[in-house]
Amino acid sequence: GAVVSQHPSRVICKSGTSVKIECRSLDFQATTMFWYRQFPKQSLMLMATSNEGSKATYEQGVEKDKFLINHASLTLSTLTVTSAHPEDSSFYICSASRGRDTEAFFGQGTRLTVV
Amino acid sequence: GQQVMQIPQYQHVQEGEDFTTYCNSSTTLSNIQWYKQRPGGHPVFLIQLVKSGEVKKQKRLTFQFGEAKKNSSLHITATQTTDVGTYFCAGTGRGSTLGRLYFGRGTQLTVWP
């Protein structure tokens, strides 16, 4: 079964609204989780590193006020896309690992469409 | 910063033909991982290579890690239509954040029956 669960899998929202995406590690504690964005037929672009109990670390060019990350517990990280616009439409995926230099488990991904 | 290059970006083969994708890192890696993403799906872990010169096999898939731990390859023998998808390599650097992976851009494999 899934080790990392992401919800929702699909969401359509109106321009200007906010959308929250949840990422849960189901059978292990994850002090660190990662959020990626993937455009059609392209690679995974790391957006930010979510750190439990502290601020997220954002990659260069990613607006922290636009993409709010909260990692309030060892099993849950959330990504909120604020004031969404059509250009924010994309596939968002989270991942977590059990330990250093071990495989990454990915959530199922969230297909966001902003209309 | 750390970069992982992957080629080719696309590969179209006839069923039964072989397929290879290559990754090259700008710096020495601690390990390299390979993932497969089916159309519409999420990346799924295939394998991890840690040792210099390591070779691992999974049925028709052969993974290699270079002696300098800066390059890697995935070779599929006698492709099948079930092999369709995008194959990503991902490396971890020494001292990098727990779980932080540097992904190649992926190779999208199409297999014609």
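Heads up: the structure comes first, above all this text.
> Can you explain the interface of chain A and chain B? Please cite residues and give values.
Interfaces are often described in size by the accessible area the parts lose on coming together. Listed as interface residues are 24 residues of chain A and, on the opposing side, 25 residues of chain B. Contact between chain A and chain B buries roughly 1900 Å² in total, counting both sides, with carbon and sulfur atoms accounting for 54%. Sorting the residues of chain A by area buried against chain B places Arg100, Asp101 and Phe106 of chain A first, and these three jointly supply 27% of that buried surface. Counting the contacts that link chain A with chain B gives one salt bridge. Between Glu59 of chain A and Arg100 of chain B there is a salt bridge; the shortest N-O distance is 3.1 Å.

> Summarise the environment of Asp101 of chain A; cite the residues concerned and give the values.
Among the structural elements, Asp101 of chain A can be located in the loop between strand S9 (90-97) and strand S10 (104-106). Classification of Asp101 of chain A as partly exposed rests on a relative accessible area of 29%. Separated by 11 residues in sequence, Asp101 of chain A and Ser90 of chain A place their C-alpha atoms 28 Å apart. Each residue touching Asp101 of chain A, except ones within four places of it in the same chain, is listed here: Ser30, Asn31, Gln33, Gln48 and Thr92 of chain B.

> Residues and numbers for the pattern of salt bridges, please.
If the charged atoms of two oppositely charged side chains come close together, the side chains can form a pair. All names here are of chain A. Under the criterion given, the structure shown has six salt bridges over all chains. In this structure, Asp27 and Arg98 form a salt bridge, with 3.4 Å as the shortest nitrogen-oxygen distance. On the criterion of sequence distance, the pair formed by Asp27 in the loop between strand S3 (19-25) and strand S4 (32-38) and Arg98 in the loop between S9 and S10 is long-range, its members being 71 residues apart. The partly exposed category is assigned to Asp27, whose relative accessible area is 49%.

> Talk me through the side chain of Ser72 of chain B; I want residue IDs and the actual numbers.
The residue Ser72 of chain B is located in strand S8 (residues 71-76) in this model. For Ser72 of chain B, the contacting residues outside a window of four places in its chain are Thr21, Tyr22, Cys23, Ile32, Trp34, Leu49, Gln64 and Phe65 of chain B.

Scoring rules and cut-offs
- Residues numbered from 1 in each chain as written.
- Chains lettered and ligands numbered in written order.
- Predicted model: local features only at pLDDT ≥ 70, side-chain atom pairs only at ≥ 80, totals over all residues.
- Heavy atoms only, no water.
- Contact = heavy atoms within 4.5 Å.
- Buried area = accessible area lost by both parts, 1.4 Å probe.
- Salt bridge = Lys/Arg side-chain N within 4 Å of Asp/Glu carboxyl O.
- Helix = DSSP H or I, 4+ residues; strand = E, 2+ residues; numbered from the N terminus.
- Buried < 20%, exposed > 50% of the residue type's maximum accessible area, 1.4 Å probe, protein only.

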